[in-house]
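One letter stands for each residue in the lines below.
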Amino acid sequence: MTKEDCKKVVLEIIGEIAPDENLDNVKPNVRLRDQLDLDSMDFLDIVMELRKKYGINVPEADYIKLASLDSCAEYLTPLFNRPKTA
Amino acid sequence: MQRARVVITGIGLTSPNGDNLSSFRSNLLAGVSGVEFMEHRYIGKVPAGICHFDALKYQGRKDIRNGTRAGSISIYCSHEAVADCGVDWAGVDKSRVGVYIGFTEHGSVETEYEVFNISQFNYDVRCWTHHHNPRTVANNPAGEVTMNMKITGPHYCIGAACAAGNNGVIQGVQMLQLGEVDFALAGGVSESIRSFGIFAGFKSQGALAENADPTKASRPFDKARNGIVVSEGGCIYTLERLDDATRRGAKIYGEVVGYCMNSDATDAVLPNPVRQAECMRAALKMSGIAADDVDIVSTHATGTPAGDAQECKALREVFGASKNTRINNTKSFIGHAMGAAGALELAGNLPSFVDGMIHPTINIDEIDPECAMEQLVINKTQRLPRAETILNNSFGMLGINSCLIVKKIA
């Protein structure tokens, strides 16, 4: 998975969590909370969907790394690409 | 003690056969059932009352996703009631508005869903949603209303089994009389069709309705009745003190002139007609009216063999000699809307003060002799000899009884 693919995945999740948000022009380098109507519960939803759909567990200390699309891609892409354990 | 007079000034509702008072009433007078089949996890195809209101009318999709069905029903009904009552909502002091919503139970739907959800992830509890607690706290539906409508006065829910719709209204009346609030949103809601456990529990109890035709499944008083049709729904009233309502020139549906709540103290599920009769008599006494002055008795009867017969015993005891009284049942159209039942069933009858008609109890092919009453309006809408007073019964498990009396304002 590329970083761009990763951003698409995150946007898909946000689209499910906040279906009334317009995601056409989300700026990758700007904090998601500064451009979308997302609160702390929504970020927990993002974490939950990453766990349920992709088996990625984001520890609480790393939630800050989900702040923008760019930081999501930086943090999550290696996790998406890691070898799957049995 | 002199109590302030409290009146109903607005009605917002959703039922399986109508999403506003006008369509609900039309379908009741026309004999149109709202019961249909639904597929349920684990339990399969069951007759149920499903509401088809547009939740997006007053909520965003994220709020619907994060909240509960009971919350959505409450928000829809509350907005509709406020719009109906004609108050200048922007000018209302929201700190003086109270929200009092009755429900039979709350949390079953959300908990069952989460257990199913984690079962898809090998019961990994880390997949249990963080929305669970705000969804299942016992003030959820009322709290969702306050957040949506920016109401800062008191809110809570009244857990009162299937008497809850009446009890929500009574709570609103009392808070207005105490001067705790100046405007009340009060009634009852139910999201129970989304809980397989409610259906399974009734089935295990031998009290779940079955019929090849879902519209015939809810048949209180009929000899072949075989149980309850579980439904969702909601009905919220705007209540105001008569003086306030008159001052602003509000339309008035009727005055809550009396009520009673009491307890059987006998059995968890079997009703007690002695206590039911006591409840009705106490409400009549509070109203200062005689049984024969009641024009409509809106029965609680749910279609269970034992429950209907017991209520009829109580009705005969109180209304046996009342020649002017007519008796009907709304569950025969919409099933048992649980916490919403009492409020919805009253709403279905209130337009009689204007149109002078009474909707019947439908689906009676052969009246059960144990339920036969001269005043029962069977299968066909009738014109009332007089339409000024309604007595509305709502009873529930653990022996909770409630009776509400509403009178037309002259």
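**Structural notes on the overall build of chain A**
Logical step 1: Helices and strands together make up the secondary structure of chain A, namely 4 helices and 0 strands.
Logical step 2: In sequence order, chain A lays out its α and β elements as α-α-α-α.
Logical step 3: For 86 residues, the compact-globule formula gives about 12 Å, and the C-alpha radius of gyration of chain A, at 12 Å, lands near that figure.
Logical step 4: C-alpha extents for chain A along the principal axes are approximately 40 × 25 × 20 Å.
Logical step 5: Pairs at least 24 apart in sequence give 54% of the contacts found in chain A among residues at least 6 apart.

**What to know about helix H11 (residues 305-319) of chain B**
Residue and element names in this part refer to chain B.
Logical step 1: With 15 residues, H11 extends 21 Å between its outermost C-alpha atoms, agreeing within 8% with the 21 Å of an ideal straight helix rising 1.5 Å per residue.
Logical step 2: Within the span of H11, buried status applies to Gly307, Asp308, Gln310, Glu311, Cys312, Ala314, Leu315, Val318 and Phe319.
Logical step 3: Among the structural elements, helix H10 (273-287), strand S10 (296-298) and strand S11 (326-328) are those in contact with the buried residues of H11.

**A look at the pairing of strand S15 (residues 400-407) of chain B**
All names here are of chain B.
Logical step 1: Taking burial as the measure, the 8 residues of S15 include 8 buried ones, the bulk of the element.
Logical step 2: With burial as the criterion, each face of S15 is covered, one bearing Ile400, Ser402, Leu404 and Val406 and the other bearing Asn401, Cys403, Ile405 and Lys407.
Logical step 3: With 8 bridges joining them, strand S9 (residues 254-263) and S15 adopt antiparallel strand pairing. Across the sheet, Glu255 pairs through a bridge with Lys407, a residue of S15.
Logical step 4: Here 8 bridges tie strand S14 (residues 389-396) to S15, and the two strands are oriented antiparallel to one another. Note that in S15 the partner of Ser394 across the bridge is Ser402.
Logical step 5: In sequence, S14 turns back onto S15 through a hairpin of 3 residues, with Leu398 there showing a positive phi of about 70°.

**Focus on the sheet that holds strand S1 (residues 6-14) of chain B**
Pairing between the strands of a sheet comes from backbone hydrogen bonds, and it takes one of two forms, parallel or antiparallel.
Residue and element names in this part refer to chain B.
Logical step 1: Pairing in this open sheet of 10 strands is mixed, and the strands run S5-S4-S6-S8-S1-S9-S15-S14-S10-S11 from one edge to the other. Of all the strands in the sheet, the pair left with one neighbour each is strand S5 (155-159) and S11. Each strand axis lies, on average, 25° off the axis of its neighbour in the sheet, ignoring direction.
Logical step 2: By the bridge criterion, 5 bridges tie strand S4 (residues 97-103) to S5 in an arrangement that is parallel.

**Concerning the domain arrangement of chain B**
Residue and element names in this part refer to chain B.
Logical step 1: What the domain assignment lists for chain B is domain 1 (7-247) and domain 2 (258-404).
Logical step 2: The centre of domain 1, based on its C-alpha atoms, is set 21 Å off from the matching centre of domain 2.
Logical step 3: Listed as interface residues are 57 residues of domain 1 and, on the opposing side, 51 residues of domain 2.
Logical step 4: Listed by contribution, the elements that provide at least two residues to the side of domain 1 that touches domain 2 are S1, helix H1 (21-29), strand S3 (44-49), S4, helix H7 (164-178), strand S6 (183-190), strand S7 (230-231) and strand S8 (233-241).
Logical step 5: At 7 residues, H7 tops the list of elements feeding residues into the side of domain 1 that touches domain 2.
Logical step 6: Among the residues forming the side of domain 1 that touches domain 2, the class breakdown is 28 nonpolar, 22 polar and 7 charged.

**As for helix H3 (residues 69-85) of chain B**
Residues and elements named next belong to chain B.
Logical step 1: The end-to-end C-alpha distance of H3 is 24 Å, a good match for the 24 Å that 17 residues give at a rise of 1.5 Å each.
Logical step 2: Taken across its 17 residues, H3 has 16 buried, putting it largely inside the fold.
Logical step 3: Of the residues one or two after H3, Gly86 is the one with positive phi, at around 75°.

**Side note on the environment of Val35 of chain B**
Residues and elements named next belong to chain B.
Logical step 1: Structurally, Val35 can be placed in strand S2 (residues 35-40).
Logical step 2: By C-beta crowding, Val35 is classed as buried, having 28 other C-beta atoms within 10 Å.
Logical step 3: Spatially, the C-alpha atom of Val35 lies 6.5 Å from that of Pro47, the residues being 12 residues apart in sequence.
Logical step 4: Residues contacting Val35, with those up to four places away along its chain left out, are Pro16, Pro47, Ala48, Gly49, Pro214, Thr215, Ala217, Ser218, Val229 and Gly335.

Definitions and cut-offs
- Residues numbered from 1 in each chain as written.
- Chains lettered and ligands numbered in written order.
- Predicted model: local features only at pLDDT ≥ 70, side-chain atom pairs only at ≥ 80, totals over all residues.
- Helix = DSSP H or I, 4+ residues; strand = E, 2+ residues; numbered from the N terminus.
- Rg over C-alpha atoms; globule rule 2.2 N^0.38 Å.
- Contact = placed C-beta atoms within 7 Å.
- Expected span 1.5 Å × (residues − 1).
- Buried ≥ 20, exposed ≤ 12 C-beta atoms within 10 Å, placed from the backbone.
- Pairing = 2+ DSSP bridges.
- Axes fitted to C-alpha atoms, helices over the stretch in contact; angles between N-to-C directions.
- Domains from an automatic or database assignment.
- Nonpolar A, V, L, I, M, F, W, Y, C, P; charged D, E, K, R; others polar.

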